[in-house]
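Structural overview for review
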Amino acid sequence: MIKVMKFGGTSVGSGAMMAKTADIIMHERARKAVVVSAMSGVTNMLIAMMKEAEQRQEADLQALRQKHIDAAQATMTPELLDRYVPQLDQRVDGLREALRSYHAAPRGHEKKVWYDIISSWGERLSSLTLAFILRSKGCDAIALTSEEAGIVATGLPGNGTADLYTTSINLKARVLPAIGRGQTPIITGFYGVGPDGRPMTFGRGGSDYSGSVVANGLDADAVEIWTDVDGFMTADPRIVPKAKTLTVMDYNEAAELAYFGAKVLHPRTIEPARKKDLEVWVKNSFNPDGEGTKICRLRQPSGSMLRSVAMKKDLSIVKVYSGEIVYQPGLVNRILENVLADGVTTYAISTSLSTLAVLMPSEQVSESVERLRALKDDVEKVEVKDNVSLICAVGDGMLQTCGVSAQVFATVADAGANVEMISEGASDVALNFVVSNERAVDVVVKLHQRYIGD
Ligand code: ADP
Ligand code: ASP
Ligand code: MG
């Protein structure tokens, strides 16, 4: 039995949490590999540094370095601390160099590549720190970067996809033997090595995906996502404090909810696990004895009309007008190619005779609209509606049972919200619709109250 245990930012957010996490790892009897996020706040710190690096060539890395030293000092033996600090400093120096390259890089692709490389730096620091803390407690842990482990990525900076086949070959050659020797590899989450040999991240929150990629590559039996809540819940507990933990989910429901806003899992976590039929568990580092949520291929129907509800804010509807769009399949292709070029994410598409509407993150609208305006012979008009949110409602028989949508939309109306767009039927388990940002929280709260309960 091999397990992959992934620990998120809060689970390694301080010396005390790293020590707690080390105990959870050492308590696990199965053979295992660990994947780790940056300490909480560190990825945002790196992003703030890049903002500064636009103006100044030299960055102040003292606070970042000290945060890791403080975590180490709390738990490490003096001998190990003496060996740890020079290795940490080597990695901090690497960051300083990378920030200089970012400062000097010309705008465009090269700048985006350096932005992505620097975003990934926190995981190099946290994995080293956690490995040393484990060693202080007597565990034979080794820190491995994604480069060393052989996690390979393709795609675009900030939106990489793991090459599962090559990654698996590499992990079996480089990581499996260490596990066989009884060592515990502590691998950096969040990024792989891109086609040009440089780091490429899997997008914010991407360490969950790394955990699943490593589990797939090692033919593990399960991947555990250790975080700061008891499991996958019926809603985000920050919005619905009385949200309940689901004990079991199937891959589809978890993947849909994650894609449409449930931050507890990176949206791409399920696919590498599904491919090898391995279980995904969501567990709480603050409550390690809790049951957590098991996510697997199939589960018994629970009979609940609504199982969980997620929400994604700050989206826009881009509506493209052109006469009889549906009779020109080539045009539909051209419009979509232009809307979605350059890594734009889409959350829903709907068509009518002469319009095509696409739901996307507001921050990606201007580039898309610019490309559409260049199609001036084919496109009559482009309209953008900003400040909308997508609600994703997942339940048993969401689409098969008569009257469910009517009940959901009646509740939406009670929350004083107007439905701006609907996506129904594409998924077997989810009903997705768009409301204004302003009303989105109320809609989630009301749906939860009525169909799941307080
Ligand atoms: P980590 O740093 O461990 O990756 P994240 O902050 O990325 O943790 O994800 C955990 C958070 O996800 C929780 O604290 C919770 O607020 C949020 N969340 C959103 N939707 C859900 C949900 N359906 N179930 C549980 N947590 C959720
Ligand atoms: N550290 C990265 C982030 O903050 C990746 C992760 O935590 O999963 O987005
Ligand atoms: Mg996360």
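Notes on the structure follow. Remember, it's a predicted structure, so these values are computed and weren't measured experimentally. (Residues numbered from 1 in each chain as written. Chains lettered and ligands numbered in written order. Predicted model: local features only at pLDDT ≥ 70, side-chain atom pairs only at ≥ 80, totals over all residues. Heavy atoms only, no water.)

**Thoughts on the overall build of the protein chain**
What the protein chain contains, in helices and strands, is 16 helices and 18 strands. Expected size for 454 residues packed as a compact globule is a radius of gyration near 22 Å; at 23 Å, the protein chain falls within 12% of this value. Once the C-alpha set of the protein chain is aligned to its principal axes, its extents read approximately 70 × 55 × 40 Å. For the protein chain, buried positions account for 54% of its 454 residues. Contacts in the protein chain between residues far apart in sequence, at least 24 positions, make up 76% of those at least 6 positions apart. Carbon and sulfur atoms make up 49% of the accessible area of the protein chain, which totals about 19200 Å². Charged side chains of the protein chain number 50 positive and 55 negative; the gap between the two group centres comes to 2 Å. (Helix = DSSP H or I, 4+ residues; strand = E, 2+ residues; numbered from the N terminus. Rg over C-alpha atoms; globule rule 2.2 N^0.38 Å. Buried < 20%, exposed > 50% of the residue type's maximum accessible area, 1.4 Å probe, protein only. Contact = heavy atoms within 4.5 Å. Areas by Shrake-Rupley, 256 points an atom, 1.4 Å probe, with all protein chains shown as cover. Lys, Arg positive; Asp, Glu negative; His and termini not counted. Charge placed at Lys NZ, Arg CZ, Asp CG, Glu CD.)

**A look at the site of ligand 1**
With respect to spatial proximity, 17 residues lie near ligand 1, and among them Thr227, Asp228, Met233, Arg238 and Lys263 are the closest. Contact between ligand 1 and lysine 263: an oxygen atom at 2.9 Å from a side-chain N or O atom of the residue. Considered class by class, the residues forming the shell around ligand 1 number eight nonpolar, four polar and five charged. (Near = heavy atom within 4 Å. Polar contact = N/O pair within 3.5 Å; in protein donor to acceptor, adjacent residues only side chain to side chain. Nonpolar A, V, L, I, M, F, W, Y, C, P; charged D, E, K, R; others polar.)

**What about a nonpolar patch on the surface?**
The grouping of Val326, Tyr327 and Leu353 at the surface amounts to a nonpolar patch, some 320 Å² of accessible area in total. Along the polypeptide, tyrosine 327 turns up in the loop between strand 13 (308-321) and helix 13 (329-340). Among the residues examined, tyrosine 327 registers a relative accessible area of 60% and is labelled exposed. (Patch = residues over 30% accessible without salt bridge, like charges linked within 9 Å, V, L, I, M, F, W, Y side chains within 5 Å. Salt bridge = Lys/Arg side-chain N within 4 Å of Asp/Glu carboxyl O.)

**A few points about the packing of helix 2 (residues 42-53) against helix 5 (residues 109-119)**
Two elements in contact, helix 2 and helix 5, have axes whose closest approach is 9 Å; the angle formed by their N-to-C orientations is 145°. In this structure, helix 2 crosses over helix 5, and the sense of that crossing is right-handed. The segment helix 2 lies against helix 5, with Thr43, Leu46, Ile47 and Met50 engaging Trp114, Tyr115, Ile118 and Ser119. Within the contact of helix 2 with helix 5, the residues separate by chemical class into six nonpolar, two polar and no charged. (Axes fitted to C-alpha atoms, helices over the stretch in contact; angles between N-to-C directions. Left-handed = near helix turned anticlockwise from the far one by under 90°.)

**Brief notes about the side chain of threonine 188**
Note on placement: threonine 188 falls in strand 6 (residues 184-188). What makes threonine 188 buried here is its relative accessible area of 0%. A distance of 2.7 Å separates a polar atom in the side chain of threonine 188 from the backbone nitrogen of serine 146.

**Let's talk about helix 6 (residues 121-136)**
When the terminal C-alpha atoms of helix 6 are compared, their 24 Å separation across 16 residues agrees well with the 22 Å that a helix rising 1.5 Å per residue should span. Taking burial as the measure, the 16 residues of helix 6 include 15 buried ones, the bulk of the element. Residue glycine 138 follows helix 6 closely and has a positive phi angle near 95°. (Expected span 1.5 Å × (residues − 1).)

**A closer look at the side chain of serine 127**
By the element assignment, serine 127 lies in helix 6. Accessibility expressed as a relative area gives 0% for serine 127, which makes it buried. If we skip the residues at most four places from it in the chain, serine 127 touches Val36, Arg91, Ala143, Ile186 and Thr188.

**Topic: unusual backbone geometry**
Here the phi dihedral of phenylalanine 190 falls at roughly 85°; this positive angle occurs in a residue that is not glycine. Among the structural elements, phenylalanine 190 can be located in the loop between strand 6 and strand 7 (191-193). Phenylalanine 190 gets classed as buried once you look at its relative accessible area, which sits at 4%.

**A word on the pattern of salt bridges**
Summed over all chains, the structure comprises 23 salt bridges. Notably, a salt bridge pairs arginine 198 with glutamate 110, separated by 2.9 Å at the nearest N-O pair. Residue arginine 198 is found in the loop between strand 7 and strand 8 (199-201), and its partner glutamate 110 is found in helix 5; the two are separated by 88 residues along the sequence. On the basis of relative accessible area, arginine 198 is assigned to the partly exposed category, the value being 23%.

**Remarks on the sheet that holds strand 12 (residues 293-296)**
The eight strands lie next to each other as 3-6-2-1-9-11-12-10, forming an open sheet whose pairing is mixed. Looking at the sheet topology across the chains shown, the edges are occupied by strand 3 (141-144) and strand 10 (248-250). Between one strand axis and the next, the sheet turns by 20° as a mean value, whatever way the strands run. With three bridges joining them, strand 11 (residues 279-284) and strand 12 adopt antiparallel strand pairing. Paired with tryptophan 281 across the strands is lysine 294, a residue of strand 12. Running over the sheet, helix 10 (residues 207-217) touches strand 1 (2-7), strand 2 (31-36), strand 6 and strand 9 (222-227) and is turned about 170° from strand 1. (Pairing = 2+ DSSP bridges.)

**Here we look at the sheet that holds strand 18 (residues 430-436)**
Pairing is antiparallel across the open sheet formed by six strands, whose spatial order is 14-15-13-16-18-17. Edge strands, defined here as strands with exactly one partner in the open sheet, are strand 14 (348-351) and strand 17 (421-424). Within the sheet, the average angular offset between the axes of one strand and its neighbour, ignoring direction, is 25°. The pairing of strand 16 (residues 381-394) with strand 18 spans seven bridges and is classified as antiparallel. Looking across to strand 18, one finds that isoleucine 391 is bridged to phenylalanine 433. Of the strands in this sheet, strand 17 and strand 18 touch helix 15 (residues 404-414), which is tilted by about 20° from strand 18.

**Observations regarding the environment of lysine 283**
Among the secondary structure elements, lysine 283 is positioned in strand 11. Other than its neighbours up to four places away in sequence, lysine 283 contacts Ile225, Trp226, Thr227, Val229, Pro288, Gly290, Glu291 and Gly292.

**Observations concerning the layout of surface pockets**
Approximately 200 Å³ is the volume found for the second largest pocket. Together, Lys3, Met5, Asp23, Ile24, His27, Glu28, Glu224, Trp226, Trp281, Lys283, Pro288 and Asp289 line the second largest pocket. Counting residues per element, the ones that place at least two in the lining of the second largest pocket are strand 1, helix 1 (15-27), strand 9 and strand 11. The element that contributes the greatest number of residues to the lining of the second largest pocket is helix 1, accounting for three residues. The class makeup of the residues in the lining of the second largest pocket is five nonpolar, one polar and six charged. (1 Å grid on protein atoms, 1.4 Å probe; cavity = no way out; pocket = protein on both sides within 12 Å on 5 of 7 lines; lining within 4 Å. Points joined across faces, edges and corners; volume = space filled by probe spheres on them.)

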